[in-house]
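If you want the building blocks of each chain, they are given just below.
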Amino acid sequence: MSGGGDSAPLVLIVGGGGTGGALAHDLTLRGARVVLVERGEFTSGTTGRHHGLLHSGARYAVNDKESALECIEENTLLRRIAPGSFEENDGLFVGLTDEDMAYLPAFLEGCEDTGIPTQVLQPDEALRLEPMLNPVLKVAVRVPDATMDAMRMPLRFFATAKANGADLLNWVDVIDIDLAGGVVSGATVRDQVTGRQTHIGADLVVNATGPWSEQVARMAGVDVPIRPSPGVMLAVRGRLCNMVVNRLHASGDGDIVVPQRALSIVGTSSWVVEDPDDLGVPADHVQRMIDEGSMLVPAVREAPFRSAWSAARPLIGSRDDADSGRELSRTFKTIDHAVDDGVEGFVTITGGKGTTLRGMAEVCADVVSRKLGLDMPCATRETVLLPHTAAYAA
Ligand SMILES: Cc1cc2nc3c(=O)[nH]c(=O)nc-3n(C[C@H](O)[C@H](O)[C@H](O)COP(=O)(O)OP(=O)(O)OC[C@H]3O[C@@H](n4cnc5c(N)ncnc54)[C@H](O)[C@@H]3O)c2cc1C
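Residues numbered from 1 in each chain as written. Predicted model: local features only at pLDDT ≥ 70, side-chain atom pairs only at ≥ 80, totals over all residues. Heavy atoms only, no water.

## Considering the domain arrangement of the protein chain
Filter applied, for reference: Where a domain begins and ends is set by an automatic assignment or by a domain database. Whether two residues touch is decided by their heavy atoms; if any such pair falls within 4.5 Å, the residues are in contact. The term buried area refers to how much accessible surface (probe radius 1.4 Å) is lost by two components on association, counted for both of them together. Just to be clear on terms, a salt bridge is a Lys or Arg side-chain nitrogen sitting within 4 Å of an Asp or Glu carboxyl oxygen. Identification of polar contacts relies on pairs of N or O atoms within 3.5 Å, with a donor-acceptor requirement for protein atoms, meaning one able to donate a hydrogen and the other able to accept it, and with residues adjacent in sequence counted only if both atoms are side-chain atoms. Per the convention used, a helix needs a DSSP run of H or I reaching at least four residues, while a strand needs a run of E reaching at least two, with both numbered from the N terminus. Side-chain classes follow a simple rule in which Ala, Val, Leu, Ile, Met, Phe, Trp, Tyr, Cys and Pro form the nonpolar group, Asp, Glu, Lys and Arg form the charged group, and the remainder, Gly included, forms the polar group.
Examined at the domain level, the protein chain breaks down into domain 1 (10-46 + 152-225 + 329-392) and domain 2 (88-146 + 227-316). Here the C-alpha centroids of domain 1 and domain 2 sit 31 Å apart. Contacts between domain 1 and domain 2 engage 14 residues on the former and 12 residues on the latter. Roughly 1,100 Å² of surface becomes buried between domain 1 and domain 2 when both sides are summed, with 56% attributable to carbon and sulfur atoms. Scanning the region where domain 1 abuts domain 2 turns up 1 salt bridge. Ionic pairing is found between Arg 39 and Asp 277, a salt bridge with its closest N-O pair at 2.8 Å. Our count for the contact surface shared by domain 1 and domain 2 stands at 4 residue pairs in polar contact (both at pLDDT 80 or more). Secondary-structure elements contributing two or more residues to the side of domain 1 that touches domain 2 are strand E19 (332-336) and strand E20 (346-351). Considered class by class, the residues forming the side of domain 1 that touches domain 2 number 4 nonpolar, 7 polar and 3 charged.

Written as structure tokens, this is what we have:
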């Protein structure tokens, strides 16, 4: 069952999205015993449903510099530890209107401040790279975005954690957290296949349940103010671009087209909900993806429909903040509930991006290690990950 020996502390991670998987990997390398439970298939939450953009950070360079810095650092690092998981296709931020052009100076300045390399292209240069761009474009800025497989890239963290002894259990959900005298000592779990309930004792429980963090935290009697903020994505058949194509403006609806295999993914919208299991795919949002996406790449409008779906961001903020969720930062937060709420043995990691999963895990594992007396430093920056197929090994 363990990364460390039998006497090593045992960490129970709740949630098998990218964040939970990356944390399992980090903690096994630091010598902890790790059990991870996921109520569905691994990465079946928000992780496996995102666009598959490896962010350069440029999207956040003007209004959310902290996220931009996190993204560019992890973008560079992930290419090193997960070779073969990315299309090294770069991205373009495309200016179509005078308003977009007015955004250009702040965009370039924000990228420079955060260390994101840029190359300004004239319309004819951009059209040579991407002939299906809207020909009215006025400018394009090249940045180091990339395409990744939203499931397979994080599965490499699961694969490596498993090879190092982590016990990864899917189709098992946490239905209660054991709390007595202000100390968490494990959780009650239910096997979704057999219906059997069992108890897993742990020295520390980490809540890595993304948009479900508030629900799981409540089981331990603490409050995590998460706004589940869904977005709709649309897949059309045909690879309409080879680079990631973004609109050069402040973040808005339908302003990105990500090439994925033989499809093009248009995203996304943003609103807030109470229940991360009740998202829906509003028809007017799908129409907005077509309308706005075809501003960038006109062929989006005529391309055959493949599918539309939604997923919820785990945005951190007061429940009273923000109507659409766009105003909330994309950065992440580790909460030691002993410090914040007087509940020992319980930590939450939430927020962030698929791109920043490793960095989130490092910060969280630092907190967990300090609490459990593990003295090994983080080794995930240098550890090359196993292929995702190793996650399926018996
Ligand atoms: C529309 C949209 C587009 C996005 N596009 C991108 C993108 O292109 N690039 C990028 O880098 N990021 C993107 N993101 C952000 C990224 O998807 C998320 O930040 C990331 O996937 C969050 O991962 P996570 O592991 O924290 O959460 P999740 O992947 O949601 O994992 C949490 C897991 O916890 C499990 N769980 C919940 N309750 C329980 C329980 N009681 N017991 C056991 N398990 C439980 C869930 O089943 C789930 O699998 C996008 C997000 C959205 C919403």
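## Some words on the pairing of strand E11 (residues 183-191)
Where we set the bar: Note on pairing: DSSP must find at least two bridges between two strands before they are called paired.
Here strand E10 (residues 172-180) runs beside E11; their pairing, made up of 8 bridges, is antiparallel. Paired with Ala 180 across the bridge in E11 is Val 183. As paired strands, E11 and strand E12 (residues 197-201) are joined by 5 bridges and run antiparallel to one another. In the strand pairing of E12, Thr 188 is matched with His 199. Hairpin remark: E11 followed by E12, antiparallel, with 5 residues in the connecting loop; positive phi at Gly 195, about 80 degrees.

## Concerning the state of the cysteines
Which entries qualify depends on this criterion: The term disulfide is used for any two cysteine sulfur atoms that are within 2.5 Å.
Inspection of the entire model under this criterion finds 0 disulfides. Sulfur of Cys 71: no disulfide; nearest cysteine sulfur belongs to Cys 111 and is 12 Å away.

## Some points on the packing of helix H1 (residues 18-29) against helix H9 (residues 357-372)
Rules: Note on geometry: axes are lines fitted to C-alpha atoms, helical ones only across the stretch in contact, with angles between N-to-C directions running from 0 to 180 degrees. For classification, angles of less than 35 degrees are called roughly parallel, those exceeding 145 degrees roughly antiparallel, those between 65 and 115 degrees roughly perpendicular, and all remaining angles oblique. By the definition used in this description, the sense in which the near helix is turned from the far one sets the handedness, with an anticlockwise turn below a right angle giving left-handed and a clockwise turn giving right-handed.
Direction vectors running N to C along H1 and H9 enclose 55 degrees, while the axes themselves pass 8 Å from each other. With respect to each other, H1 and H9 are oriented oblique. In the crossing of H1 with H9, the sense of the turn from one axis to the other is right-handed. In this structure, H1 uses Gly 18, Thr 19, Ala 22, Leu 23, Asp 26 and Leu 27 to contact H9, whose residues at the interface are Leu 357, Arg 358, Met 360, Ala 361, Glu 362, Cys 364, Ala 365 and Val 368. In terms of residue class, the contact of H1 with H9 is made up of 9 nonpolar, 2 polar and 3 charged.

## What to know about the sheet that holds strand E15 (residues 244-247)
Here 8 strands make up an open sheet; going across it, the order is E6-E7-E5-E15-E16-E17-E14-E18 and the pairing mixed. The strands lining the two open edges of the sheet, one partner per strand, are strand E6 (119-121) and strand E18 (305-316). Recorded for the sheet is a direction-independent mean angle of 25 degrees between the axes of neighbouring strands. Alignment of E15 against strand E16 (residues 256-260), held across 2 bridges, turns out to be antiparallel. Within E16, the position partnered with Asn 246 by the bridge is Ile 256. Here helix H3 (residues 98-114) sits on the sheet and contacts strand E5 (91-95), E6, strand E7 (139-143) and E15; the angle it forms with E7, its principal contact strand, is near 30 degrees. Packed on one face of the sheet, helix H7 (residues 283-296) meets E5, strand E14 (226-237), E15, E16, strand E17 (263-267) and E18 and runs near 60 degrees to E14.

## Focus: the site of the ligand
Note the cut-off: In this text, near means that some heavy atom of the residue lies within 4 Å of the molecule or strand in question. Computed by Shrake-Rupley with a 1.4 Å probe, the accessible areas treat only the displayed protein chains as cover when residues are assessed.
What surrounds the ligand is a group of 36 residues, the closest being Thr 19, Glu 38, Thr 47, Leu 53 and Thr 355. Here Thr 19 contributes a side-chain N or O atom positioned 2.8 Å from an oxygen atom of the ligand. Gly 354 is positioned with one of its backbone polar atoms (N or O) 3.1 Å from a nitrogen atom of the ligand. For the ligand, the accessible surface in isolation is 1,000 Å², of which the surrounding protein chains cover 97%. Those elements that provide at least two residues to the shell around the ligand are H1, strand E2 (33-38), E10, E14 and E18. Across the shell around the ligand, the residue classes break down as 12 nonpolar, 19 polar and 5 charged.

## Description of the pairing of E17
Put simply, the test is: We call a residue buried when its accessible area falls under 20% of the maximum for its residue type, exposed when it is over 50%, and partly exposed in between, using a 1.4 Å probe and counting protein chains only.
E17 sits mainly inside the fold: 5 of its 5 residues count as buried. In E17, alternate side chains face the same way, and those of Leu 263, Ile 265 and Gly 267 on one face and Ser 264 and Val 266 on the other are all buried. In the sheet, E16 pairs with E17 via 5 bridges, with the strands oriented antiparallel. Within the sheet, the bridge partner assigned to Gln 260 lies in E17 and is Leu 263. Hairpin remark: E16 followed by E17, antiparallel, with 2 residues in the connecting loop; positive phi at Arg 261, about 50 degrees.

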